[in-house]
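Chains, contacts and geometry: an overview
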Amino acid sequence: MPTDRPITVAGCQIPQNIGNREANIRTAMDAIRGTPGHDIYVLPELSSSGYDEIVFNQLEDLAENWDGPSFEAFSRLARELGCYICYSFPRKKSSEVFTIAAAVVGPTGEIEAKYDKWHVCSTGDCNEKRIFKNGKRPLEVFEVLGVRVGLCICYDIRFPELTRHLSVDKGISLLLHPGGWPRDAGFFTWHTFVTTRAVENTIYIMSTNWAGLNNGGTVFCPPFVDGGKACPSRLKAKPGVLVGTVDMAHLKYEREKYPYLQDRNQGMYACLTDKS
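The paragraphs below set out a description of the structure included in this document.

So, the environment of tyrosine 258
By the secondary structure assignment, tyrosine 258 is in the loop between α7 (248-257) and α8 (266-273). The residues touching tyrosine 258, leaving out its near neighbours within four places in the chain, are Thr202 and Phe224.

Regarding the packing of aromatic side chains
Overall, the coordinates contain 13 aromatic pairs when judged by the stated rule. A connected cluster of aromatic rings, assembled from ring pairs, spans Trp66, Phe74, Tyr87 and Phe89.

Topic: helix α1 (residues 21-34)
Across its 14 residues, α1 extends 20 Å between first and last C-alpha, which sits within 8% of the 20 Å expected from 1.5 Å per residue. Among all positions in α1, only Arg21, Ala23, Asn24, Ile25, Ala28, Met29, Ala31 and Ile32 are buried. Its buried side turned inward, α1 meets β1 (7-13), β2 (40-42), α3 (59-62), α4 (69-81), β3 (84-94) and β12 (240-246).

Points about the sheet that holds strand β5 (residues 111-116)
Read from one edge to the other, the open sheet built from 6 strands follows the order β5-β4-β3-β2-β1-β12, with strand pairing classed as mixed. Two strands lie at the open edges of the sheet, namely β5 and β12, each paired on one side alone. Within the sheet, the average angular offset between the axes of one strand and its neighbour, ignoring direction, is 30 degrees. With 5 bridges connecting them, strand β4 (residues 97-105) and β5 associate as antiparallel partners. Bridge assignment links alanine 101 to a residue of β5, and that residue is aspartate 116. Sheet strands touched by α4: β3, β4 and β5. Its angle to β3, the strand with the most contacts, is close to 165 degrees.

Concerning the side chain of glutamine 13
Position of glutamine 13 relative to the elements: it lies in strand β1. Polar contacts involving the side chain of glutamine 13 include one to the side chain of threonine 218, which spans 2.8 Å. Here lysine 238 takes part through its backbone oxygen, which lies 2.8 Å from a polar atom of the side chain of glutamine 13.

Some points on a nonpolar patch on the surface
A cluster of nonpolar side chains, Met268, Tyr269 and Leu272, forms an exposed patch at the surface whose accessible area comes to about 350 Å². Turning to its location among the elements, tyrosine 269 is positioned in helix α8.

Points about the pairing of strand β7 (residues 147-151)
Extensive coverage of β7 is indicated by the burial of 4 of its 5 residues. By the bridge criterion, 3 bridges tie strand β6 (residues 142-144) to β7 in an arrangement that is antiparallel. Bridge assignment links valine 144 to a residue of β7, and that residue is valine 147. The antiparallel hairpin formed by β6 and β7 contains 2 residues in its connecting segment, where leucine 145 sits at a positive phi of about 50 degrees. After leaving β7, the chain enters helix α5 (residues 160-169) and then returns to the sheet as strand β8 (residues 174-177), a path that is right-handed.

Parameters and conventions
Per chain, residues are indexed from 1 in the order of the written sequence. Since the coordinates come from a predicted model, pLDDT governs what is reported: local features require at least 70, and pairs of side-chain atoms require 80 or more to be given and counted, while whole-chain, interface and lining totals use all residues. With hydrogens and water excluded, all non-hydrogen atoms of the structure serve as input to the side-chain values. We count a stretch as a helix when DSSP gives it H or I for four or more residues in a row; a strand needs E for two or more, and each element gets its number in order from the N terminus. Residues count as neighbours in contact if any of their non-hydrogen atoms are within 4.5 Å of one another. Stacked, tilted and edge-to-face are the three classes assigned to paired rings of Phe, Tyr and Trp, where Trp is represented by its six-membered ring and a pair needs centres within 6.5 Å; plane angles under 30 degrees give stacked, over 60 edge-to-face, the rest tilted. One less than the number of residues in a helix, times 1.5 Å, gives the span that helix is expected to have. Exposed residues in this analysis have more than 50% of their type's maximum accessible area, buried residues have under 20%, and partly exposed residues fall in between, with area computed by a 1.4 Å probe over protein chains only. Paired strands, in this sense, are two strands between which DSSP finds at least two bridges. Interaxial angles span 0 to 180 degrees and are taken between N-to-C directions of axes, which are lines fitted to C-alpha atoms, for helices over the stretch in contact. Pairing of N or O atoms within 3.5 Å defines a polar contact, subject to two protein rules: one partner must be a possible hydrogen donor and the other a possible acceptor, and residues neighboring in sequence count only if both atoms are side-chain atoms. Distance thresholds for patches are 9 Å for like charges and 5 Å for nonpolar side chains (Val, Leu, Ile, Met, Phe, Trp, Tyr), applied to residues having over 30% relative accessible area and no salt bridge. Only the protein chains shown count as cover for residues, and all accessible areas are computed by the Shrake-Rupley method using a 1.4 Å probe. The rule for a salt bridge is simple: a side-chain nitrogen of Lys or Arg has to be within 4 Å of a carboxyl oxygen of Asp or Glu. If you view a crossover with the strands going away from you and the path from the first strand over the helix to the second runs clockwise, you call it right-handed.

These figures come from the coordinates and say nothing about function on their own.
Now the structure itself:
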């Protein structure tokens, strides 16, 4: 139901316990309980299993489906706290097909949105493509007090088509972006891509990562960045919860002041794909 109240989104930067689903879920639940009162909580990529080659080699034991142990735990917690929780896990799509998945459970305990990562990473310290398949599920959007919210995962942020589709065709105002960014060469452009996607689409983005010296940097980006008052906020390497506010009145102001989406010359874009 629409409301004039701004909503708050909490990015949970937690330490990972590689390959220990129960420990990771417990850590996530403790982080959420320790920062009560927010509308949405966002965990890192593969928040239930940890993100590591060890996990990739144990998918027969660690992969689950939409109604698996992660759903059961976070569904109960979302009902208890009256919030939305975005979590991520390795999904067993079939006997030999695995995807990196994210799901959102809401205050009713039901799944509000499901997503299989569209772009599987093959660069830097990531070697997902050896194990995981690209997701093929249509993009789903859910609504929190009148705010339309979309999902993508980690490497997806480097590809503008996905976020543009969510923004223009699905009408999102907030993007939840669970990540598992190691501090390889690609780490240092992550925030650049988050800022670019937020500003070019005039949306809010909460982009999470694991805690630790080889990770960290969870970031919340507003819909416009001016280098002064309007800047992304971020965590360092230690565990913590980053809280951002999504204000639809402010978003309306920014979209009127900086009408990037309205100024697109769509009539000419068709020429770019016209092969005649």
